[in-house]
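Observations on the model geometry
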Number of protein chains: 2
Amino acid sequence: VNIPASLERLVAELARLPGVGRKTAQRLAFAILRNDTTRAHALAQAIEEVKARIRFCEQCFGYAEDTRCTVCTDGRRDPASLCVVEQPGDIYVIERSGVFRGLYHVLLGVISPLDGVGPDQLKVRELLARVERGGVTELILATNPSMQGEATALHLSRLLGDKVPRITRLARGMPVGANLEFTDDVTLNQAFSGRQTFGS
Amino acid sequence: VNIPASLERLVAELARLPGVGRKTAQRLAFAILRNDTTRAHALAQAIEEVKARIRFCEQCFGYAEDTRCTVCTDGRRDPASLCVVEQPGDIYVIERSGVFRGLYHVLLGVISPLDGVGPDQLKVRELLARVERGGVTELILATNPSMQGEATALHLSRLLGDKVPRITRLARGMPVGANLEFTDDVTLNQAFSGRQTFGS
């Protein structure tokens, strides 16, 4: 295809992003090209700056611009409740919902023996140290409901079971708006075994 | 939400792109952040360069890095066949299919009175001049099958009808892989009225 070299390079770079296929990359590249130069420059600048400024919070390993993130330094958060997630981005999903007022701990991955990732490759030692410093009364294991997420949660619950009064994980069941017909067997199984009294 | 400022700026810039909602923008921003700095820099660089290097081809108004695009300067293309499209990106869709070996003319828009866009705001005068220079035996109007695309094609067919031996437009009908059940009435109507002899 007779596509100009610099346009092709942009399409190729965009197509490297996860979930962005070649067609989406082209569509985005054309949109960037149609924008005025100021807009395109602002996007390029934002990409450079995010890499230059963002680091991992030294306490929770979420994203931060200082040594500690804005959640860890927020005095109104409850340090007794610690929510463990796989990736920094998971924090914003939970924050958006406004359902949790405690602190976080990001593992920066999941246990995945096939990929050579064990607890030592994750921020598990740091989690243990945080818990051993005391004051944590509930540990919420919010790893993904995937095989690896479950294995990671199981590992953590064994490791920390006698150090925290209460270890929980997010409820499994039918997501709101779902449809019985299209619900997979495992989810249905968990929705049945975890069924709740009507009105509770 | 406690999102770091530079990350929020990147999400906001990405969310300005068409078809990119806030959730997709966040997903892309996290992916950019997870990439190493070289990768992120390459993307930022590609964005700046595409704006710096790409201009409109002086003949067809497609994208080019020189005064003329690679299609217009390709001696193997047939200048007797001219395909009119709305946007530069449309050229690559047609090029990818390999179905067309002539030259292009990009209108850089469609006639849309509600948006104050008439023929004078498009590259219609330039199309007329190209046709009047002679040598074009077929004009293929490949504007989108939308109301505005149709109106634009109608305008061009009237304007150029006595200057070109043959003016055509892309066939309307059922797209390959489509399903009768989910085909809209207008498409179905056009598929019936344009029905073809079996085996032809």
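Scroll up to find the structure.
As the structure is a prediction and not an experimental result, all values here were calculated from the model.

1. Focus: the pairing of strand 5 (residues 138-141) of chain A
All names here are of chain A. In strand 5, alternate side chains face the same way, and those of Glu138 and Ile140 on one face and Leu139 and Leu141 on the other are all buried. Inspection of the sheet shows strand 3 (residues 78-85) paired to strand 5 by four bridges, in the parallel sense. Across the sheet, Val84 pairs through a bridge with Leu141, a residue of strand 5. Chirality of the crossover, the property in question, places the unit of strand 5, helix 6 (residues 147-160) and strand 6 (residues 166-169) among those that are right-handed.

2. Quick notes on the packing of aromatic side chains
Evaluation of the coordinates by the stated rule reveals eight aromatic pairs over all chains. Taken together, a centroid distance of 5.7 Å and an interplanar angle of 15° make the contact between Phe30 of chain A and Tyr92 of chain B stacked. Remark: Tyr92 of chain B occurs in helix 4 (residues 88-97) and Phe30 of chain A occurs in helix 2 (residues 22-34); the pair is interchain, linking two chains. Through successive ring pairs, a cluster of aromatic residues spans Phe30 of chain A together with Phe56, Tyr63 and Tyr92 of chain B.

3. Considerations on unusual backbone geometry
Residues and elements named next belong to chain B. If you check the backbone angles, Phe61 has positive phi at about 65° while not being a glycine. By the element assignment, Phe61 lies in the loop between strand 1 (55-56) and strand 2 (63-64). When its relative accessible area of 11% is taken as the criterion, Phe61 is described as buried. Look at Leu108: it is not a glycine, yet its phi comes out positive at around 60°. Structurally, Leu108 is set in the loop between strand 4 (102-106) and helix 5 (124-132).

4. Overview of the sheet that holds strand 5 (residues 138-141) of chain B
Residues and elements named next belong to chain B. A sheet is described by the order of its strands in space; here four strands give the open sequence 4-3-5-6, paired in parallel fashion. Of all the strands in the sheet, the pair left with one neighbour each is strand 4 and strand 6 (166-169). With strand direction ignored, the average angle separating the axes of adjacent strands in the sheet is 25°. In this sheet, strand 6 lies alongside strand 5 in parallel orientation, the contact comprising four bridges. The residue of strand 6 that forms the bridge with Glu138 is Arg166. The strands touched by helix 4 are strand 3 (78-85) and strand 4; relative to strand 4, the strand with the most contacts, the crossing angle is about 155°. Against the sheet, helix 6 (residues 147-160) makes contact with strand 3, strand 5 and strand 6, and its axis sits at roughly 160° relative to strand 5, the strand it touches most.

5. Overview of the side chain of Gln59 of chain A
Assignment of secondary structure puts Gln59 of chain A in the loop between strand 1 (55-56) and strand 2 (63-64). Every residue in contact with Gln59 of chain A, bar those within four places of it in the chain, is listed here: Arg68, Cys72, Leu103, His105 and Arg130 of chain A.

What counts, and where the lines are drawn
- Position numbers for residues start from 1 in each chain and track the written sequence from start to end.
- Throughout, the order in which chains and ligands are written sets their labels, letters from A for the former and numbers from 1 for the latter.
- Thresholds applied to this predicted model are a pLDDT of at least 70 for local features of residues and 80 or more for the giving and counting of side-chain atom pairs; totals over whole chains, interfaces and linings are not thresholded and use all residues.
- Note that the side-chain values use all heavy atoms of the structure and ignore hydrogens as well as water.
- Each residue's exposure class comes from its accessible area (1.4 Å probe, protein chains only) as a fraction of the maximum for that residue type: buried when under 20%, exposed when over 50%, partly exposed otherwise.
- Only DSSP runs of H or I reaching four residues or more are called helices, and only runs of E reaching two or more are called strands; each is numbered from the N terminus.
- DSSP-based pairing: two strands are paired if at least 2 bridges between them are found.
- Clockwise travel from the first strand over the helix to the second, with the strands pointing away from the viewer, marks a crossover as right-handed.
- Pairing of aromatic rings covers Phe, Tyr and Trp, the last through its six-membered ring, and needs centres within 6.5 Å; plane angles under 30 degrees mean stacked, over 60 mean edge-to-face, and all others mean tilted.
- Fitting a line to C-alpha atoms yields each axis, with helices limited to the stretch in contact; the angle taken between N-to-C directions then spans 0 to 180 degrees.
- Only heavy atoms enter the contact rule, under which two residues are in contact if any of them lie within 4.5 Å.

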